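Below are the chains, spelled out letter by letter.
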Amino acid sequence: MSYLLKLLSYYIVLIAINYSIISTSNTCIIVNAQEVDTTNTPSKIITDAPITNSPTTSKPTSSPSYSPSTTPPSASPTQDRLVRDYLQSKKDLIQNRVLVSYNRSSGQAYLSTQYTFDRLTQSLQTFGVDGFGADFKFHLYEGDGDKYILGLINLSAFLANAMVESIEDDTCDELNWEEAGNPPLIPYDDKYAISNSCGMEGRSYQDENCALGTNEFLSCDADINMQVIAVSRGTQVNAPPPLKCQPGNNFAGYWDIARGIEVANVEFPNNGGRTDTEACCWWGRGALSTKGVCNIGKMNYYLGKRGAELGRSTLYPTVDFCKFPESTCASAFGESLRWDSAFFEWSERVQRYETNDWNFEDQLLHFEQSGMSDDAFINGVSRILSRGCHKSGCSEYGEARLLNKRRTYFYMIINDVFDLKSLTRRPTTAPSKPTIGTTISIESSASQLTPSPLSQDDLAAQLRPTLSGMASQPSTSEKTVAPTTWTTLIVIEDNAAHDEKQMILLELLAVMYLLLNHIT
């Protein structure tokens, strides 16, 4: 009898193997285990749900005519270089879609000369990885294979704002862009106040001191004897001259763009009421147009001479940004400072901004988890950068300038340049069926394997799964169960009869198991 049972068990094994090969040839389960805890074996794998109704990405009105190609990285990424290796794989796209400038006269697009990819990655290394002597950095989430997509979202928001502030015009200094007037004597049309250097949109940059309290000493002193001329000028026909500041000069006048001449010694106020340029040396500079005595004073403390004098380790210990604010654009360090000043401001002022109902990292995580289609995050960070607060209508100066363009560029970078939805690490709405031939790997050494950067064609097929709860029925309260020492490789077949085939196979294996136990 024992011989017959053993023979029958072998026969069932052969049937099970043969059935699995013929009927489920696309399904393979391999388990290599030292200690397999069957009570904690995952009961299901949730893949990323497709993202629907994502915002339409609109390109700049005069987009470059380049045909970008994707350069693959020279080596597979490591846990410590996830974002930076991914950026290298997207170098051509970043250069041809993000680091693009426009000649306003001819409409010609060209690769930015002021903002290059190599300098971008160097500054990212300093402010996101190595550190710059402060207790905060630019959020990259390097070394975290589960969260590095958040670093790419953060960088996308940063670059979208930089495109509006400086990259589009390939400038370091803020331009004289706002029309003003003195009606009815002088109409607004095509008149730009020379006193716009004091501030535009009704602002007064020299009066924007840091918050009251211990931070007050960080602000630069507005020296009435300072004399500075910017190095940047616009490219449109008859563009206004570079911004400038100088003592006295109560009637600085205006620039007549229609005639291409400066009309001096005329009482012509900017939109804040200023007619002079005395102590008005605090206009925006760098990739994010960092402006005002507070923000430039913070640079002097965290990056420059003021911090070095107080015993801090700073990147530019000999540069006094308060004594010479044009250092960002005109010093020997200008090429690196254009990016460095921007990464510093984003790290210090945008990322650390927090109110009772708004926290940067919470909003960043919510944006990623909700399918990367909620405008609240990019709107909020853009307002914080340009207005100092995150809500619509929170500033007396109105909505953030060119907010729609900042938002459009943000989604363009996320969708068309970084293709971040192919890297999504968790479902955003509901679990979806796996893709045919998708390979899912789970290891005990990390919550998820980090994918190697792929070619543009292959990247869209990549899937970042999430191992979810252990119950057989889906539940909104399921918790992730950490695997024990095991490795599982599953290649899933998308077939309507897959579940039925799998059940037959499992039943045969169960009968075999019972027979073998009976024999022993």
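Residues numbered from 1 in each chain as written. Predicted model: local features only at pLDDT ≥ 70, side-chain atom pairs only at ≥ 80, totals over all residues. Heavy atoms only, no water.

A. Main features of the overall build of the chain. Scanning the chain from terminus to terminus reveals 14 helices and 12 strands. Here the chain, with 520 residues, has 48% of them falling under the buried criterion. The long-range fraction of contacts in the chain, counting pairs at least 24 apart against all pairs at least 6 apart in sequence, stands at 71%. Only carbon and sulfur atoms are counted for the fraction: they give 50% of the accessible area of the chain, which is about 24,400 Å². (Helix = DSSP H or I, 4+ residues; strand = E, 2+ residues; numbered from the N terminus. Buried < 20%, exposed > 50% of the residue type's maximum accessible area, 1.4 Å probe, protein only. Contact = heavy atoms within 4.5 Å. Areas by Shrake-Rupley, 256 points an atom, 1.4 Å probe, with all protein chains shown as cover.)

B. Representation of the state of the cysteines. Applying the stated criterion across every chain yields a total of 6 disulfides. In this model Cys172 forms its disulfide with Cys329; the gap between the sulfur atoms is 2.0 Å. What sets the handedness of the Cys172 and Cys329 disulfide is the S-S torsion sign, and at about -80 degrees it is left-handed. One end of the pair, Cys172, is in the loop between helix H5 (148-167) and strand S4 (191-193); the other, Cys329, is in helix H8 (residues 327-330), and 157 residues separate them in sequence. The exposure class assigned to Cys329 is buried, which follows from its relative accessible area of 10%. The disulfide that involves Cys245 links it to Cys281, with 2.0 Å between the sulfurs. Taking the sign of the torsion about the S-S bond as the criterion, the disulfide between Cys245 and Cys281, at about 100 degrees, is right-handed. You can see Cys245 sitting in strand S6 (residues 244-245) and its partner Cys281 sitting in the loop between strand S8 (261-263) and helix H6 (293-302), a full 36 residues away along the chain. (Disulfide = S-S within 2.5 Å.)

C. How the structure looks around the confidence of the model for the chain. Overall, the predicted model of the chain reaches an average pLDDT of 75, with 63% of residues at or above 70. Residue range residues 13-77 is modelled with pLDDT below 50. Its contacts to residues more than four positions away, or to other chains, number 138 contacts. (pLDDT = per-residue confidence, 0-100.)

D. The arrangement of the nonpolar core in detail. Ranked by size, the top nonpolar core spans 91 residues in total, and within it Phe158, Trp339, Trp346, Phe410 and Phe418 carry the most contacts. In terms of residues, this core owes the most to one element, H5, which gives 14 residues. Setting aside chain neighbours within four positions, we find Trp346 in contact with Phe138, Asn154, Ala157, Phe158, Asn161, Leu288, Gln351, Phe360, Val381 and Leu385. (Core = buried A, V, L, I, M, F, W, Y, C linked by side-chain atoms within 4.5 Å.)

E. Spatial organisation of the packing of H5 against helix H11 (residues 376-387). Their axes nearest at 10 Å, the elements H5 and H11 cross at an angle of 50 degrees. Relative to H11, the element H5 lies oblique. H5 and H11 meet at a crossing whose hand is right-handed. Facing H5, whose interface residues are Ile153, Ala157 and Asn161, H11 presents Phe377, Ile378, Val381, Ser382 and Leu385. (Axes fitted to C-alpha atoms, helices over the stretch in contact; angles between N-to-C directions. Parallel < 35°, antiparallel > 145°, perpendicular 65-115°, else oblique. Left-handed = near helix turned anticlockwise from the far one by under 90°.)

F. View of unusual backbone geometry. Its identity as a non-glycine residue notwithstanding, Asp170 has a phi of 55 degrees, on the positive side. With respect to the secondary-structure elements, Asp170 resides in the loop between H5 and S4. In this structure Asp170 comes out as buried when scored by relative accessible area, which is 10%. One non-glycine residue, Met372, adopts positive backbone phi at about 55 degrees. You can see Met372 is positioned in the loop between helix H10 (360-369) and H11. Exposure remark for Met372: the relative accessible area of 1% places this residue in the buried category.

G. Quick look at the packing of aromatic side chains. Within the structure shown, the criterion is met by 23 aromatic pairs. Its guanidinium or amino end placed over the ring of Phe136, Arg352 lies 4.1 Å from that ring's centre, counting from NZ or CZ. Over the ring of Trp177 we find Arg401; its NZ or CZ atom is 4.3 Å from the centre of that ring. (Phe/Tyr/Trp six-rings, centres within 6.5 Å; stacked < 30°, edge-to-face > 60°. Lys NZ or Arg CZ within 6 Å of the ring centre and 35° of its normal.)

H. Layout of the packing of helix H4 (residues 117-130) against helix H9 (residues 334-350). Where H4 contacts H9, the two axes come as close as 9 Å, and the packing angle between them is 45 degrees. Classified by the angle their axes make, H4 and H9 are oblique. The handedness of the crossing between H4 and H9 is right-handed. Contact residues: H4 offers Arg119, Leu120, Ser123, Leu124 and Phe127, while H9 offers Glu335, Ser336, Trp339, Asp340, Phe343 and Phe344. In terms of residue class, the contact of H4 with H9 is made up of 6 nonpolar, 2 polar and 3 charged. (Nonpolar A, V, L, I, M, F, W, Y, C, P; charged D, E, K, R; others polar.)

I. How the structure looks around H6. Burial analysis of H6 places 10 of its 10 residues in the buried class, the great majority of the element. Along H6, the residues classified as buried are Val293, Cys294, Asn295, Ile296, Gly297, Lys298, Met299, Asn300, Tyr301 and Tyr302. The secondary structure elements touched by the buried residues of H6 are helix H7 (305-309), H8 and H9.

J. Representation of the pattern of salt bridges in the model. Tallied over the full model, the rule gives 21 salt bridges. Between Arg84 and Glu142 there is a salt bridge; the shortest N-O distance is 2.8 Å. Taken together, the residues span a long stretch of sequence, with Arg84 in helix H2 (residues 82-89) and Glu142 in the loop between H4 and H5 at a distance of 58 residues. Here Arg84 matches Glu142 in class, with each residue buried. Residues Arg119 and Glu335 are paired through a salt bridge, measuring 3.6 Å at the closest nitrogen-oxygen approach. Of this pair, Arg119 sits in helix H4 while Glu335 sits in helix H9, and the two are 216 residues apart along the sequence. Given the relative accessible area of 42%, Glu335 is considered partly exposed. (Salt bridge = Lys/Arg side-chain N within 4 Å of Asp/Glu carboxyl O.)

K. Representation of the side chain of Ser422 within the structure. Relative to the helices and strands, Ser422 is located in the loop between helix H12 (403-417) and strand S11 (439-442). Given a relative accessible area of 7%, Ser422 falls into the buried group.

L. Broad picture of the sheet that holds S4. Overall, antiparallel pairing links the 3 strands, which are arranged S4-S7-S8 in an open sheet. Unpaired on one side and paired on the other, S4 and S8 mark the two borders of the sheet. Here the average twist between neighbouring strands, direction ignored, is 30 degrees. Bridge analysis of strand S7 (residues 254-256) against S8 gives 3 bridges, and the strand direction is antiparallel. The residue of S8 that forms the bridge with Tyr254 is Val263. (Pairing = 2+ DSSP bridges.)

M. Quick peek at the side chain of Ser123. In this fold, Ser123 is placed in helix H4. Owing to a relative accessible area of 4%, Ser123 belongs among the buried residues under this scheme. Within the local environment of Ser123, its side chain forms a polar contact with the side chain of Asp340, the two groups lying 2.5 Å apart. (Polar contact = N/O pair within 3.5 Å; in protein donor to acceptor, adjacent residues only side chain to side chain.)

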